[in-house]
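Overview (structure and organization)
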Amino acid sequence: MKKIIFILYITIAFSQYFGGNIQIGGAFPKGEFMEQEVPNAFAIDFNLAYYLNDYAALGINLGGSQYGFSQRDIPFNQWTNVGLVEETRNNMGYGNLSLKIIPFKGPVKIFAEGLIGLKNLNTTTKLFSESNNCDNPETDVDECEIASTTDATDSAFGYGFGGGLEVFLTDFTNEEESSTTALSLIVSSKYLWGGEVQYLKAGGITVTPDPNGVDFPTVNYDWNQSKTDVLHFNVGLQLTVK
């Protein structure tokens, strides 16, 4: 027990530093998810890590992709020629706790990681004015947006394994704070298994207007249900601060 406490003390006392990276790449559905004809998608991935020492780090992994998008012009109502733009987006997001292992030091490092967390699939629909003059570029709010709704959202447990390369590019020294920031190129891949969820794909919502223009339209949902396994390939930049 004393040896374990001593090792933990040495690890914490002499190794504390942080790192983070941003990566872009592709998300490729696998297994049941691929069989449902969910398309490949552009993905973005963020990682923050606390390095216990030069060989191990604990972190948080966040990311997501948009696997479907549709847009159509619709009339405001049957009594006017004013039009609206309807946009529907199908999104997948995930959040994981991670353990990263770096077996060797040097300008080129290989690493492996294990991840565990949650995965969410959701579909949202928004209505916008056809006019391009309604949005004020000085605000963070899109004034052209009139209304929005969440058509579907479902989450499931997820886990995965991955690995990659870190290639040192340059470093920057802050003499006042006695710290060094290293910039590296990172290339990675990971396979994230995801539990079963119910979700919509692009084109999965059909709206049939009331022929008399009195009642609300009839909305039909073409649901899909499957596991959500995805293979990710990413490339990006990493900063570590010691």
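Residues numbered from 1 in each chain as written. Predicted model: local features only at pLDDT ≥ 70, side-chain atom pairs only at ≥ 80, totals over all residues. Heavy atoms only, no water.

Moving on to the confidence of the model for the protein. Averaged over every residue, the pLDDT of the protein is 87; residues scoring 70 or more account for 86%. A low-confidence stretch, residues 4-14 (pLDDT under 50), is modelled with two contacts involving residues beyond four sequence positions or located in other chains. (pLDDT = per-residue confidence, 0-100. Contact = heavy atoms within 4.5 Å.)

Before going further, it helps to spend a moment on the side chain of Lys 119. Within the secondary structure layout, Lys 119 lies in strand 5 (residues 108-129). Separated by 3.4 Å, the side chain of Lys 119 and the backbone oxygen of Leu 192 make a polar contact. Among the polar contacts listed, one links the side chain of Lys 119 to the backbone oxygen of Thr 228, at a separation of 2.6 Å. Apart from residues no more than four positions distant in its own chain, Lys 119 is found in contact with Met 92, Gly 93, Tyr 94, Asp 154, Ser 155, Ala 156, Leu 192, Trp 193, Gly 194, Thr 228 and Val 230. (Helix = DSSP H or I, 4+ residues; strand = E, 2+ residues; numbered from the N terminus. Polar contact = N/O pair within 3.5 Å; in protein donor to acceptor, adjacent residues only side chain to side chain.)

Looking now at empty space enclosed by the protein. Scanning the model with the defined rule gives three cavities of 30 Å³ or more in all. By volume, the largest cavity is sized at about 160 Å³. Forming the walls of the largest cavity are 19 residues, and the residues nearest its centre are Asn 21, Asn 47, Lys 100, Glu 113 and Gln 238. Breaking the lining of the largest cavity down by element, the ones donating at least two residues are strand 1 (17-29), strand 2 (41-53), strand 3 (56-75), strand 4 (83-101), strand 5 and strand 7 (179-194). Considered class by class, the residues forming the lining of the largest cavity number six nonpolar, nine polar and four charged. (1 Å grid on protein atoms, 1.4 Å probe; cavity = no way out; pocket = protein on both sides within 12 Å on 5 of 7 lines; lining within 4 Å. Points joined across faces, edges and corners; volume = space filled by probe spheres on them. Nonpolar A, V, L, I, M, F, W, Y, C, P; charged D, E, K, R; others polar.)

Moving on: the sheet that holds strand 3. Read around the closed barrel, eight strands run 1-2-3-4-5-6-7-12, paired in antiparallel fashion. Taken pair by pair, the neighbouring strands of this sheet meet at an average axis angle of 25 degrees, ignoring direction. Relative to strand 12 (residues 230-241), strand 7 runs antiparallel, the two being bridged by 12 bridges. Paired with Leu 183 across the strands is Leu 239, a residue of strand 12. (Pairing = 2+ DSSP bridges. Axes fitted to C-alpha atoms, helices over the stretch in contact; angles between N-to-C directions.)

Take the pattern of salt bridges next. Counting across every chain of the model gives seven salt bridges. Residue Asp 54 pairs with Lys 105 through a salt bridge whose shortest N-O separation is 3.2 Å. Note that Asp 54 is positioned in the loop between strand 2 and strand 3 and Lys 105 in the loop between strand 4 and strand 5, a separation of 51 residues in sequence. By relative accessible area, which is 54% here, Lys 105 ends up exposed. Taken together, the shared-partner salt bridges connect Asp 54, Lys 105 and Lys 242 into one network. (Salt bridge = Lys/Arg side-chain N within 4 Å of Asp/Glu carboxyl O. Buried < 20%, exposed > 50% of the residue type's maximum accessible area, 1.4 Å probe, protein only.)

Here we take up the environment of Ser 184. Here Ser 184 shows up in strand 7. Judged by its relative accessible area of 9%, Ser 184 is buried. A C-alpha to C-alpha distance of 9.7 Å links Ser 184 and Leu 165, two positions 19 residues apart in sequence.

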